[in-house]
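An overview of the molecular structure
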Amino acid sequence: MEQAHGLLLNEEFYSKLSDAKKPAFFFEWLQFLQKLLVAASKADIKEKQKPLVEQLTALLESSPGPPARKLIAKNLALLYSIGDMFSVYQTIDKCNEIIRSKDDSPSYLPTKLTAVACLGALYEQLGRVLGNTHAISVGILLKAMKSAESQGRYEIMLSLQKILLGQGVAAIPCHRDIYKAARSCLTDRSMAVRCAAAKCLLELQKEAVFMWTTELENVATLCFKAFEGSNYDVRVSVSKLLGTILATAVTPKQGPGARQVTRKTSLAEAMDLLASGFLRGGSGFLRASGEILKGCSSVNRDVRIGVTQAYVTFVSTLGCQWLEMNFASLLGHILELVSHPKATQTQIDAICCRRCVSFILRATVGCLLGEKAQIAAAKEIGQAVGKQKRAVDAALSDSNVEIKVGTMDISASQHVLVCALQELGSLIQGLDSTAAPLLLDSTTGLLDKVFSMLLHPSLSARLAAAWCLRCFAVALPFKITPLLDRCIERLNALRSSPEAVSGYSFAIAALLGAVQHCPLGIPHGKGKLIMTRAEEILRSAVQNSRLSVQRTQAGWLLISALMTLGPAVIHHHLAKIILLWKSVFPQSPKDLETEINRGDCFTWQVTLEERAGALCAMKSFVLHCGDLFSDDVIERLLPPLKSAVALSTELPSLNKSYGAPLKTASILYKQRLYEILALLPPKTYEGCFNSVLKELIADLTLADNQSVPATFLLPSLCHQDDAQLLGAWLQETDHRFIEEQLKLGGILGGGSLEHDPFSIYERLADGEFVPAPLPPVLSVVRAAGELFGVIFPYLDVNHRAQILEQFTESLKHAKGSKQQINVFAAFCCGLKRLACMKGSLGPEEVRRPALTLVMHSLESANILLRCAAAETLARLAQVAADSAFTARLSQMSFEKLKSARDVVSRTGHSMALGSLYRYLGGIGSCQHLNACVNILHTLSQDSTSPEVQTWALHSLSLLIDSSGQMYNTHVESSLSLVSLLLLSVPPSHSEVHQSLGRCLNALITTLGPELQGNSKAVPLLRTCCLVGCAVMQDNPDCLVQTQAISCLQQLHMFAPRHVNLSSLVPSLCEILLDKSVWVNLCSSHLLLRRAVIACLRQLVQKEAAEVLEYAMVLAKEPNKGGCKLDVNISETGLEGALFSLLDRESDQQLRRDIRETLSHILSSTAVEKLSHWLKLCKDVLSASADFTTNTPVDTTQEEEDERGDDETIFTTNKDDQFRPAIPPRWPTRVFAAECVCRIITQCEKIDAARLDMAVTQEMKIKRTLSDFLVVHLADLIRVAFMAATDHSNALRLSGLEMLLIIIRKFAHVPEPEFPGHVIL
């Protein structure tokens, strides 16, 4: 590759290369040329300019691949901007001529696309220097677009965007024509074209005033249409466009270049436009209204999710200062959305709408506001809650109005309250103890308002209020006991009100759930008091039929929640609880028979509710009181459980007798039974296996349950590394909370607290901020599948074979795929558990039906089922533990891949090969590996089907990962294939590039430390890896860039000398600190930001000083494309920028990695850059906000004049009044305090003399440049006092810790000016 390192292309050497090596050599030369043009002198460039232009224009016509196309365009533009412009017009004419050409053959397409890219790059780089020639080029591009295919339309849109960027206001005459073309592309069938059109329109709106004035409504309607049938990337791009245009319309640009706007759009008008899309959707508004009359949902969920993201973009573009001033208007509008009848036509619609509104509030109030503004927002939300309370009270008390109206008011009110109370709880929990003044302020009455909602007629509102109280308790642990006392007292006083019994029991359960987050717990006597109250409620349940259901649920809910306090509390009450369990269930089969013959519908409802509650309490006991779960306790639990199983077998006949009213109660009962059985050792209830399995098989296969497929279980059955194949909705993104609604019929996005009130005391899963249990009808299918998985390994061989035969037989008669999914999910759970136990599946009579089940699913049209089937096939081979059986499975896939031509078969079986290797490693001989590699190489080159390429390449990456050293013989051929595909696959096929990235990563891992060597083949392999990384870095898709960074990270680990940090570090910082990352919350993918931080964390562990130096380069570079960095690195360095990101990122993993990165930088540089680090930490700690008039002792006033303008380390653009930095929140300030403590300890460890004033004064006389800690002692004490007197308890503790360290370290340091005294 040394031959590629010249200003001119070595044509003689290039012509001698084989066709396979030419693209990589050509790309390497173009890359080197780009670096050289920037670094070389103008004289050298001008001397070689003419031949270089000739070479580049000749290569333009050589059908280059997409990455080379981009570099040719960049280099031509760079060459003309640095050298002479004598032939630029000839080059533009040449490009215009190529685009006008009538040749539409596929072989000429790359040349046309390169010409299009060159025009964009030239006009972007040279701007208005080219005069009015852009008008001709734009006309030619627009004409070409009418007959262009998707790749052409994509490139033309990107080129037009660059022309607009370079020409600015000079392009105004072309604006209307470009707008018309981009309009049609925004609803294109190709998703990549839609994204490119959105980028083009985003650039156009900067100067095209008509877009946010006269055409505003049309643009909004167009965006709504673009959301229909869109993918994640389109929703992100189009929501950014819509949000930005509306923000511009509300606050038009003012300045010398801006023309006078005749009429400004009001905030209400802009939000009404967004609301119209949220409530009615995009196209066909009249048709939609007709659908509303028919009673079906009219809103396309794609549109609603897109508009939700646009709301966030709109608010965040206007900035945090705007949000502070206009929060009341925004809150009123957002809550109005969720109360609109069109948004809540069905329960699933209502829940999805609530999630959207919650997302808007979390992404704006939770992320954009500082603590002081968040407290003001919490007060505003409290007023909204109070307003709803007054409305509900009026609706319930006004007897003149029809009852129906009151019911509608309450229905609308419940959704508003759920959103408001959940956001209020999240805000307070985020503020932690800094929220104490707000909750203790009697004038706002926030606690009273939340308590009043516990009596709301709606179940969901009562649960939301209870959850809100739990958040208050987690934030302020000292409030748990008073809150519990108040709830217990009110529950006792209002025990004859159904709403009070329900609401206050929810609140007590929620508060008990909060205790597990508080290290000091609650007084021991509270457990006894709650247990007594629960017993009283259960005893009184039979006294009043009007309250039976509520009291029964309340009693068992309290006992279940009490279990979370652990064995220390429960062991005092265990005997009593076991007696309660025993009394709830029939003592013998005869008693059960008597019950069945005697009961009526209502009695059975109460009975099932009671027994479901008792089973839930058992589940809670097993989960939280493991130390008490002895053999004796299990023995005493078995009789009630056997009775529970016996009752479950009678439920079908009871449902037949009493119909629909009993259905929900019986489903809930089964769910609770399955959940507790799954937690117990299966051997203990072996005698009930037949009865339990009969029920499970019925639930999984009966036609009655066909409406509830277990599709939502399939993602958890797929391997987490396969998420890339299944789409963005399964990957972690900034919008996952709402994106889940779009898949599996909205099942995953349809979880809500009212589906299972008993989840209110449980711990939240990672990433959740409120529990979201699925509806019972889905939860029971999940519980059935999981219980089948638990029992399956304990069945004997004959029983297994019999059940699997039964499953396969049921699928033959099944009309749809729903039964197949249920059965398959359950079987997959069984295999997973069997593999974990290292058990064996059994002989051929078990394997045969098992294989039939899996192979049937491996060729399913359902992509999730296909992926899970490949995983299950590998599990099947794992538990069969028979090499002949494994070879048979592989051979079946080989045969199928040779003969099959359909996409489904080819993807499923290629994935099966990769999965087999993942679980069984080198499953066969080298010959077997050769066959696998050859067939996957062939499938990877099937350019007619990107889906087949994606799956084959992903499978190949699994093969490489699992084969280890066996794969060495194939590394060269695989690396050549990956390089070739990276240089030829269109960038619009991002999923193929992602799989190529995984392959490259696996190949780098396989080569490992060999990459450092210089033996014959290694330099070429290393260059291939670096070329591959460079191609992926330049890809527009965020996930492909993520793979590039991951590969470079691997390369840096194995061959650090060959990774160029001077270009890598600035590119990482540019991704991370571009203000669009946080202002729009959608310009960068969460996984990309994680990859950037993970890479920086690795780099700073060894080369912290170099990384910091290279990061500063970014501050000196001119802004690229007008995009300004949000954080001024030149003042605070990379470490200051990372501190600012701690307040902008909400992802816990990302925040943890940022803190680790800062810790590594501190360890390496704190002593050398002592003043810088102390100033950085001091500025962060100085940013404590005033929350109340009663501020703590202010220790900073005396240094006000010294500090000047250094109130904060974060500097913003002076002209950007709407985007001030977020003041550091309490977790960041706590981290800064910890950093100061570490600096003190580190200084002492390296040189104790740094703490001695006498030594310091002596060194100053010698004019030594070293910085000494003792000089900063006054600052350290000020900082410690600031921290120790903050509103945040955590920060006060850190401040006191800091003071203690200062006292210990400086206690014996003498004061030179006063002999015999210490410096403190």
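A quick note: this is a predicted structure, and the numbers were derived from the prediction, not measured.

What about the overall build of the protein chain?
- A tally of helices and strands in the protein chain yields 60 helices and zero strands.
- Pairs at least 24 apart in sequence give 76% of the contacts found in the protein chain among residues at least 6 apart.

Quick notes on empty space enclosed by the protein
- Tallying each qualifying case throughout the model produces four cavities of 30 Å³ or more.
- Put simply, the largest cavity is a space of about 130 Å³.
- Looking at the lining of the largest cavity, the elements that each hand over two or more residues are helix H17 (347-368) and helix H19 (403-431).
- Broken down by element, the lining of the largest cavity gets its largest block of residues, four residues, from H17.
- For the lining of the largest cavity, the residue count by class is seven nonpolar, four polar and two charged.
- Approximately 40 Å³ is the volume found for the second largest cavity.
- If you go around the second largest cavity, the residues you meet are Arg 354, Val 418, Gln 422, Ser 460, Leu 463, Ala 464, Ser 752, Leu 753 and Glu 754.
- Among the elements of the structure, H19 and helix H22 (459-475) are those that each provide at least two residues to the lining of the second largest cavity.

Things to note about the nonpolar core
- Core analysis: the largest hydrophobic core is formed by 453 residues, its most contacted members being Phe 314, Trp 581 and Phe 621.
- At 14 residues, the largest contribution of residues to this core is made by helix H52 (residues 1086-1116).
- In this view, Phe 314 contacts Gly 243, Leu 246, Ala 247, Val 250, Leu 267, Ala 270, Met 271, Leu 274 and Trp 322; residues no more than four positions away in its chain are not counted.

Quick word on the side chain of Gln 374
- Take Gln 374: it is sitting in helix H18 (residues 371-397).
- On the accessibility criterion, Gln 374 (5% relative accessible area) is buried.
- Of the polar contacts made by the side chain of Gln 374, one reaches the backbone oxygen of Gly 366; its length is 3.3 Å.
- Those residues in contact with Gln 374, other than ones at most four positions away along the chain, are Val 365, Gly 366, Leu 369, Leu 427, Leu 431 and Arg 1225.

Digging into unusual backbone geometry
- With a phi close to 60°, Asp 432 is a non-glycine residue in the positive phi region.
- Along the polypeptide, Asp 432 turns up in the loop between H19 and helix H20 (436-440).
- Positive phi is not limited to glycine here, since Ala 881 has a value of about 50°.
- Topologically, Ala 881 is positioned in the loop between helix H41 (863-880) and helix H42 (883-899).

Examining the state of the cysteines
- The tally for this structure, following the rule as stated, stands at zero disulfides.
- No disulfide involves Cys 867; its sulfur sits 4.0 Å from the nearest other cysteine sulfur, which is in Cys 718.

Remarks on the side chain of Ser 505
- Among the structural elements, Ser 505 can be located in helix H24 (residues 498-515).
- For Ser 505, a relative accessible area of 1% gives the class buried.
- Other than its neighbours up to four places away in sequence, Ser 505 contacts Ala 500, Ala 554, Leu 557 and Leu 558.

A look at the pattern of salt bridges
- Scanning all chains against the criterion turns up 51 salt bridges.
- Between Glu 203 and Lys 206 there is a salt bridge whose closest N-O contact spans 3.2 Å.
- Judged by relative accessible area, which is 36%, Lys 206 ranks as partly exposed.
- The partner of Asp 1147 in a salt bridge is Arg 1090, with the nearest N and O atoms 2.9 Å apart. Of this pair, Asp 1147 sits in the loop between helix H53 (1129-1144) and helix H54 (1148-1165) while Arg 1090 sits in helix H52, and the two are 57 residues apart along the sequence.
- Among the residues examined, Arg 1090 registers a relative accessible area of 9% and is labelled buried.
- Residues participating in the shared-partner salt-bridge network are Lys 619, Arg 672, Glu 675, Asp 756 and Glu 762.

Describing the environment of Lys 449
- Within the secondary structure, Lys 449 is located in helix H21 (residues 446-452).
- Looking at Lys 449, the relative accessible area reads 22%, which means it is partly exposed.
- Between the C-alpha atom of Lys 449 and that of Ala 465, which follows or precedes it by 16 residues, the distance is 9.3 Å.
- Those residues within four positions of Lys 449 in sequence are excluded, and the remaining contacts are Gly 382, Gln 383, Val 385, Gly 386 and Thr 444.

So, the confidence of the model for the protein chain
- Taken as a whole, the protein chain shows an average pLDDT of 85; of its residues, 88% reach a score of 70 or greater.
- Within the model, the stretch residues 1185-1220 combines pLDDT values under 50 with 71 contacts to residues more than four positions away or in other chains.

A look at the packing of helix H4 (residues 66-82) against helix H6 (residues 109-126)
- Across the interface, H4 lies against H6 with an axial gap of 8 Å and an inter-helix angle of 35°. Here H4 runs over H6; the crossing is right-handed. Only Pro 110, Leu 113, Thr 114, Ala 117, Cys 118, Ala 121, Leu 122, Gln 125 and Leu 126 of H6 make contact with H4, whose side of the interface consists of Arg 69, Ile 72, Ala 73, Lys 74, Leu 76, Ala 77, Leu 78, Tyr 80 and Ser 81.
- Of the residues in the contact of H4 with H6, the class split is 13 nonpolar, three polar and two charged.

Regarding the environment of Lys 74
- Position of Lys 74 among the secondary structure elements: in helix H4.
- The partly exposed category is assigned to Lys 74, whose relative accessible area is 31%.
- Linking Lys 74 and Cys 118, residues 44 residues apart in sequence, is a C-alpha distance of 7.4 Å.
- Contacts of Lys 74, omitting those with residues within four sequence positions, involve Gln 34, Ala 121 and Asp 1034.
- In this structure the side chain of Lys 74 is engaged in a polar contact, spanning 3.4 Å, whose partner is the side chain of Asp 1034.

Examining the packing of helix H45 (residues 946-963) against helix H47 (residues 990-1007)
- Interhelical geometry of H45 versus H47 gives an angle of 15° and a closest axis separation of 8 Å. When the interaxial angle is binned, H45 and H47 end up roughly parallel. In the crossing of H45 with H47, the sense of the turn from one axis to the other is left-handed. Contact with H45, carried on its side by Pro 946, Gln 949, Thr 950, Leu 953, His 954, Leu 956, Ser 957, Ile 960 and Asp 961, involves Glu 991, Val 992, Ser 995, Leu 996, Arg 998, Cys 999, Ala 1002, Leu 1003 and Thr 1006 of H47 and no other residues of that element.
- Its residues assigned to classes, the contact of H45 with H47 comprises nine nonpolar, six polar and three charged.

Details of the packing of aromatic side chains
- This structure, assessed with the given rule, holds 15 aromatic pairs.
- Ring centres 5.9 Å apart and planes at 75° place the aromatic pair Phe 314 and Trp 322 in the edge-to-face group. An identical accessibility class is assigned to Phe 314 and Trp 322; each is buried.
- On the numbers, 6.1 Å between centres and 90° between planes, the contact of Phe 792 with Phe 827 is edge-to-face. In this pair, Phe 792 is assigned in the loop between helix H37 (776-791) and helix H38 (797-813) and Phe 827 in helix H39 (residues 818-836), connecting sequence segments 35 residues apart.
- With a relative accessible area of 0%, Phe 792 lands in the buried category.
- Here a set of aromatic residues connected by ring pairs shows up, and it is made of Phe 13, Tyr 14, Phe 25 and Phe 26.
- Lying over the aromatic face of Phe 278, Arg 304 brings its terminal NZ or CZ to 4.9 Å of the ring centre.
- Stacked on the ring of Phe 758, the Lys or Arg Arg 672 has its end atom at 5.0 Å from the ring centre.

Things to note about the environment of Gln 422
- Secondary-structure assignment places Gln 422 in helix H19.
- Judged by its relative accessible area of 13%, Gln 422 is buried.
- Placed 43 residues apart in sequence, Gln 422 and Ala 465 show a C-alpha to C-alpha distance of 7.9 Å.
- Dropping the residues within four chain positions of it, Gln 422 is found in contact with Ser 358, Leu 417 and Val 770.

Focus: a positive patch on the surface
- Together, Arg 100, Lys 102, Lys 143 and Lys 146 make up a positively charged patch on the protein surface.
- Topologically, Arg 100 is positioned in helix H5 (residues 88-100).

Details of helix H11 (residues 216-227)
- Taking 1.5 Å of rise per residue, the twelve residues of H11 would be expected to cover 16 Å, and the 17 Å separating its terminal C-alpha atoms lies within 8% of that figure.
- Among all positions of H11, only Leu 216, Val 219, Ala 220, Leu 222, Cys 223, Phe 224, Ala 226 and Phe 227 are buried.
- In this structure, the buried side of H11 is in contact with helix H9 (175-185), helix H10 (191-204), helix H12 (232-250), helix H13 (267-280) and helix H15 (301-318).
- Of the residues trailing H11, Gly 229 is marked for its positive phi of about 65°.

Cut-offs and rules
- Going along each chain's sequence as written, the residues are numbered from 1 onward.
- Local features in a predicted model are, by the rule used here, given only for residues with pLDDT of at least 70; side-chain atom pairs are given and counted only at 80 or more, and totals for whole chains, interfaces and linings are based on all residues.
- Side-chain measures here rest on the full set of heavy atoms in the structure, leaving out hydrogens and waters.
- Under the DSSP-based scheme used, a helix requires at least four consecutive residues in state H or I and a strand at least two consecutive residues in state E, with every element numbered from the N terminus.
- Contact definition: two residues touch when any of their heavy atoms are within 4.5 Å.
- Each cavity reported here is a set of points on a 1 Å grid over the protein atoms alone in which a 1.4 Å probe fits but cannot get out, each pocket an open set with protein on both sides within 12 Å along at least five of seven lines, and each lining residue one with an atom within 4 Å of a point.
- Grid points are joined across faces, edges and corners, and a volume is the space filled by probe spheres set on the points.
- Amino acids are sorted into nonpolar (Ala, Val, Leu, Ile, Met, Phe, Trp, Tyr, Cys and Pro), charged (Asp, Glu, Lys and Arg) and polar (every other residue, Gly among them).
- We call a set of buried residues a nonpolar core when its members are Ala, Val, Leu, Ile, Met, Phe, Trp, Tyr or Cys and they connect through side-chain atoms within 4.5 Å of each other.
- The classification of residues rests on relative accessible area computed with a 1.4 Å probe and restricted to protein chains. Under 20% of the type maximum is buried, over 50% is exposed, and intermediate values are partly exposed.
- Distance and chemistry together define a polar contact, namely a pair of N or O atoms within 3.5 Å, with one atom able to donate a hydrogen and the other to accept it when in protein, and with adjacent residues in sequence counting only for side-chain atoms on both sides.
- What counts as a disulfide here is a pair of cysteine sulfur atoms lying within 2.5 Å.
- The salt bridge criterion pairs a side-chain nitrogen of Lys or Arg with a carboxyl oxygen of Asp or Glu, the two atoms within 4 Å.
- pLDDT measures how confident the predictor is about each residue, on a scale from 0 to 100.
- For helices, the fitted line uses only the C-alpha atoms of the stretch in contact; every axis is such a line through C-alpha atoms, and the angle between N-to-C directions lies from 0 to 180 degrees.
- Crossing chirality is assigned from the near helix's rotation relative to the far helix, an anticlockwise turn below a right angle marking it left-handed and a clockwise turn marking it right-handed.
- To sort the angles, those under 35 degrees are grouped as roughly parallel, those over 145 as roughly antiparallel, those from 65 to 115 as roughly perpendicular, and the leftovers as oblique.
- In this scheme Phe, Tyr and Trp rings, the latter by its six-membered ring, pair at centre separations within 6.5 Å, and the angle between planes marks the pair as stacked below 30 degrees, edge-to-face above 60, and tilted otherwise.
- Here, a charge over a ring means that NZ of Lys or CZ of Arg falls within 6 Å of the ring centre while also lying within 35 degrees of the ring normal.
- Patch membership requires over 30% relative accessible area and the absence of a salt bridge. Like charges are linked within 9 Å, and nonpolar side chains (Val, Leu, Ile, Met, Phe, Trp, Tyr) within 5 Å.
- Where accessible areas are quoted, they stem from the Shrake-Rupley method and a 1.4 Å probe; at the residue level, only the protein chains shown are allowed to cover.
- None of His or the chain ends enter the tally, which takes Lys and Arg as positive and Asp and Glu as negative.
- Charge coordinates come from a single atom per side chain, which is NZ of Lys, CZ of Arg, CG of Asp or CD of Glu.
- To estimate how far a helix should extend, the number of its residues minus one is multiplied by 1.5 Å.

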